[in-house]
Every structure is written in C-alpha cells, then in structure tokens.
Amino acid sequence: MTSHPVELVIFDCDGVLVDSERLYCRVDREVFAELGAEFTEAELVEHFVGSPVEVWTALVEERRGRPLEPGWQEPYRVRYETVLDAELTAVEGVAEVLDALAVPYCLASNGSHAEIRRNLTRTGLLDRFEGRVFSARDVARGKPAPDLFVHAAATMGVPPERCAVVEDSPYGVRAARAAGMRAFGYTGGLTSAARLEGPGTVVFDDMRRLPGLIGVS
C-alpha cells in the first residue's frame, strides 16, 4: 500500500480541522449529567470522540438506565451552538497545511452536512472545502465502517490505495484501514497515540508536519 504515491488527502473535521472535541466533551458532560448519565472526562474521550451517533446514544442510555426520549437534543442545541460560536478555532497550523498540499484534498466526517458547514464557517475554512465535503449521512454506515471514505475517494476519482486519511479517533483510523487507505493519526487533541497506533498508520502530534509525512508538500 505504501508504494503508491498519495493523490488525495481525506480530512476528518472535528479534532482534525477544527478544535471542537474539547468543547463538545465539556458540554456533553454537563448535558449527559442533567439527563442522568454521569461520565468522567476520560470516559468521554475514550468512548465518544469520533463515535457514530448510534454508539454514544447507546452508552448514554445504558448509563442512565432508560431510553432517551425522542427529540431530547432540541433543548440543548443552543448550548452547544453558543459555546462553538464563542470559542471554536481551527486546529493550529491547519491552514498552512492546506496551503502546502500539492494534491487535492476533501473532508469526510460522521457529522451532518449542516454541522460540518457551520464549523467550517466559524473557523474560516469553508471556502477551502466547497464541493468536497462528505458526511456519514451520504452512506449506509458511518465510521468505523469504511463506507464514507470509499464513497469520498470514488467521488473524487482516486483509488483507495492512493488516499491518505487524517484522523484523530480510533473509529476513523479503523475506517481508513478497512478502506485500504493510509492512516495518519493526529494526537494534538484529546486522543492518545496508543489508541491510534497500528498497521498502516503514522501517528503525529503537530499538524504542520503532515505534508512532509505524506510526501506531498
């Protein structure tokens, strides 16, 4: 797999392009506690960062001992939006990286198109990804299944073995490996290197190193 030159870089969004995971975890802890599901910060990082909605919903329901009511998120949406509006920034160095890449790039996230667009707008990155944003809502299964990355690569016209995926969660790294793509695990956020390491994966903690690691600067 590593013998092929990279022709496409696929970025996750939260925790890779925008420094949102810290903010989500802070608000998640407050909201879930109000719902009767107490989690430590370490538990949130381990089980929630990058997880598909089905996974973390099941965890909250298990911890509180009863199902979540339909539409439970609505009263809390404004709390997340207020924090993101006030505090969200791009990951340090990411704009420089995008400028330095000598190959096409795109975005593939488990988030919805609306969520992705809002966070890219807040951080001034939207123009860089217009027309090249892929959401788990576009495929049958989100990460850790490979569907989303396979779909993004096919749409961009690049075979999987010539794609590099930049992720910050075990779910995303697993999806990249399953798709037959090279994985680059970013540990500059909340996820430890030990949780991202594995076959076909390069782990790094400074986003500015990415073009050199991929070999496309």
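Residues numbered from 1 in each chain as written. Predicted model: local features only at pLDDT ≥ 70, side-chain atom pairs only at ≥ 80, totals over all residues. Heavy atoms only, no water.

When helices and strands are counted, the protein shows 10 helices and six strands. The globule rule puts the C-alpha radius of gyration for 217 residues at 17 Å, and the 17 Å found for the protein is close to it. Taking the principal axes of the C-alpha coordinates as reference, the protein spans close to 50 × 30 × 30 Å. Counting all 217 residues of the protein, 48% fall into the buried class. A separation threshold of at least 6 residues defines the contact pool for the protein, and within that pool the share at least 24 residues apart is 67%. Accessible area of the protein: about 9,800 Å², with a carbon and sulfur share of 51%. Each charge sign in the protein was given a centre, from 23 positive and 34 negative side chains, and these centres are 2 Å apart. (Helix = DSSP H or I, 4+ residues; strand = E, 2+ residues; numbered from the N terminus. Rg over C-alpha atoms; globule rule 2.2 N^0.38 Å. Buried < 20%, exposed > 50% of the residue type's maximum accessible area, 1.4 Å probe, protein only. Contact = heavy atoms within 4.5 Å. Areas by Shrake-Rupley, 256 points an atom, 1.4 Å probe, with all protein chains shown as cover. Lys, Arg positive; Asp, Glu negative; His and termini not counted. Charge placed at Lys NZ, Arg CZ, Asp CG, Glu CD.)

With that settled, consider the nonpolar core. In terms of nonpolar packing, the biggest core is built from 50 residues, with V9, F11, L17, F32, L120, M207 and L210 touching the most fellow members. With six residues, the single largest contributor to this core is helix α1 (residues 21-34). Among the nonpolar cores identified, the runner-up in size contains 20 residues, and C106, L148, V158 and A176 belong to it. (Core = buried A, V, L, I, M, F, W, Y, C linked by side-chain atoms within 4.5 Å.)

The next subject is the pairing of strand β5 (residues 182-186). Counted residue by residue, β5 has five buried out of five residues, so it is predominantly covered. By the alternation rule, side chains of β5 split into R182, F184 and Y186 and A183 and G185, which are all buried. Note: β5 against strand β6 (residues 201-204), four bridges, orientation parallel. Note that in β6 the partner of G185 across the bridge is V203. (Pairing = 2+ DSSP bridges.)

The next point concerns the layout of surface pockets. The space that makes up the largest pocket amounts to roughly 1,000 Å³. In this structure, the largest pocket is lined by 39 residues; those nearest its centre are V53, W56, G111, E115 and R137. When contributions to the lining of the largest pocket are tallied by element, the ones reaching two or more residues are α1, α3 (53-64), α4 (74-87) and α6 (113-122). Counted by class, the lining of the largest pocket contains 14 nonpolar, 11 polar and 14 charged residues. (1 Å grid on protein atoms, 1.4 Å probe; cavity = no way out; pocket = protein on both sides within 12 Å on 5 of 7 lines; lining within 4 Å. Points joined across faces, edges and corners; volume = space filled by probe spheres on them. Nonpolar A, V, L, I, M, F, W, Y, C, P; charged D, E, K, R; others polar.)

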